[in-house]
Every structure is written in C-alpha cells, then in structure tokens.
Amino acid sequence: QEQLVESGGGLVQSGGSLRLSCVASGNIFEAYDMGWYRQAPGAQRELVAIIRSNNSTNYADSVKGRFTISRDNAKNTVYLEMNSLKPEDTAVYYCNADLGVLDYWGKGTLVTVSS
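About the cut-offs
Residues numbered from 1 in each chain as written. Predicted model: local features only at pLDDT ≥ 70, side-chain atom pairs only at ≥ 80, totals over all residues. Heavy atoms only, no water. Helix = DSSP H or I, 4+ residues; strand = E, 2+ residues; numbered from the N terminus. Rg over C-alpha atoms; globule rule 2.2 N^0.38 Å. Phe/Tyr/Trp six-rings, centres within 6.5 Å; stacked < 30°, edge-to-face > 60°. Lys NZ or Arg CZ within 6 Å of the ring centre and 35° of its normal. Contact = heavy atoms within 4.5 Å. Salt bridge = Lys/Arg side-chain N within 4 Å of Asp/Glu carboxyl O. Buried < 20%, exposed > 50% of the residue type's maximum accessible area, 1.4 Å probe, protein only. Pairing = 2+ DSSP bridges. Disulfide = S-S within 2.5 Å.

Draft legend 1. Structural detail: the overall build of the protein chain. Within the protein chain, the secondary structure is distributed over 0 helices and 11 strands. The order of helices and strands in the protein chain, counted from the N terminus, is β-β-β-β-β-β-β-β-β-β-β. Compactness check: the protein chain gives a C-alpha radius of gyration of 13 Å against a globular reference of 13 Å for 115 residues, within 12% of the reference. Projecting the C-alpha coordinates of the protein chain onto the three principal axes gives extents of approximately 40 × 25 × 20 Å.

Draft legend 2. Geometry of the packing of aromatic side chains. Tallied over the entire structure, the rule returns 2 aromatic pairs. Ring centres of Tyr 37 and Trp 105 lie 4.9 Å apart, and the angle between their planes is 65°; on these two criteria the pair is classed as edge-to-face. Placement of Tyr 37 in strand S4 (residues 33–39) and of Trp 105 in strand S10 (residues 103–105) is noted, with a sequence separation of 68 residues between them. A cation over an aromatic ring shows up here: Arg 45 above the ring of Tyr 94, its NZ or CZ 3.7 Å from the ring centre. The ring of Trp 105 carries Arg 45 above its face, with NZ or CZ at 4.6 Å from the centroid.

Draft legend 3. Main features of the environment of Glu 30. Of note, Glu 30 is situated in the loop between strand S3 (18–24) and S4. With 16 residues separating them along the chain, Glu 30 and Ser 14 place their C-alpha atoms 34 Å apart. Here Glu 30 is in contact with Ser 53, Arg 71 and Asn 73, once residues within four sequence places are set aside.

Draft legend 4. Layout of the pattern of salt bridges. A full pass over the atoms with the stated rule returns 4 salt bridges. Two residues, Arg 66 and Asp 89, come together in a salt bridge whose shortest N-O distance is 2.8 Å. With Arg 66 in the loop between strand S6 (57–59) and strand S7 (67–72) and Asp 89 in the loop between strand S8 (77–82) and strand S9 (91–98), this residue pair connects regions lying 23 residues apart in the sequence. Across the pair, exposure class does not vary: Arg 66 and Asp 89 are buried alike. Through salt bridges with shared partners, a single network forms among Arg 38, Glu 46, Arg 66 and Asp 89.

Draft legend 5. Quick peek at the pairing of strand S5 (residues 46–51). Bridge count for S4 against S5 is 5 bridges, and the pairing is antiparallel. Among the inter-strand pairings, Met 34 is bridged to a residue of S5, identified as Ile 51. What sits between S4 and S5 in their antiparallel hairpin is a turn of 6 residues, with Gly 42 showing a positive phi close to 75°. Pairing of S5 with S6 involves 3 bridges; the strand directions are antiparallel.

Draft legend 6. Examining the state of the cysteines more closely. Summed over the entire model, instances satisfying the criterion amount to 1 disulfide. The disulfide partner of Cys 22 is Cys 95, and the S-S distance across this bridge is 2.1 Å. Judged by the sign of its S-S torsion, about -80°, the bond between Cys 22 and Cys 95 is left-handed. Residue Cys 22 is located in strand S3, and its partner Cys 95 is located in strand S9; the two are separated by 73 residues in the primary sequence. Across the pair, exposure class does not vary: Cys 22 and Cys 95 are buried alike.

Written as structure tokens, this is what we have:
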C-alpha cells in the first residue's frame, strides 16, 4: 500500500507562486506515473499535470506555461511548481500514484488564491 502525503498549500495573492510536494512511502516510486489533480468547490476533480515513469509530462490547458511538474525518484517525491497563480486555481490539490491496476491518492492540500 502506497501512502502519499502532500504539502505546500496555502493562501497566496493572485500572481504569486507556490510549490507543492508529495512524498510517497513505498519503494517502487520510480515505476509510478505521478499526477496532480485538483478539485474546486462544487466542481469535479480534474487532472492538472502528470509525469510518467519515463519522465514525459502532460498539462491541463488551463495551467500550461504556468505550472511545472517534476519528480525526484531518489526522494520519492513529486513536485508541482505553480506560478502566476489565478483565483480560479483555488482548489484542493491531490497527488496520485498510478501503476495501472493500482492507484493511490493523498488527502490533499488546499491552495487559495486571493484576487
């Protein structure tokens, strides 16, 4: 069982930056595709960014050019660097580890962007 713990959320002004981190507990971190998802109040959870085991990445159109996902396999950690934040980025951000037949979720970290 993989445990994921997110950190780095908080309150930031529009135009500001935050870096989210997600640490995984297991010993096969490098095999997972790691993703960041977010869920705003009243909305469905949506994919923000994904970095696969081969380090290829994809981003939601709404965050392209502003957010960067990266991973450090030696530290079992995936990061989400968020720049030029907008009020519409306000959401709970969740980390996901996907191994195909298995996937795991963190409990989330709240990001609030004030206008």
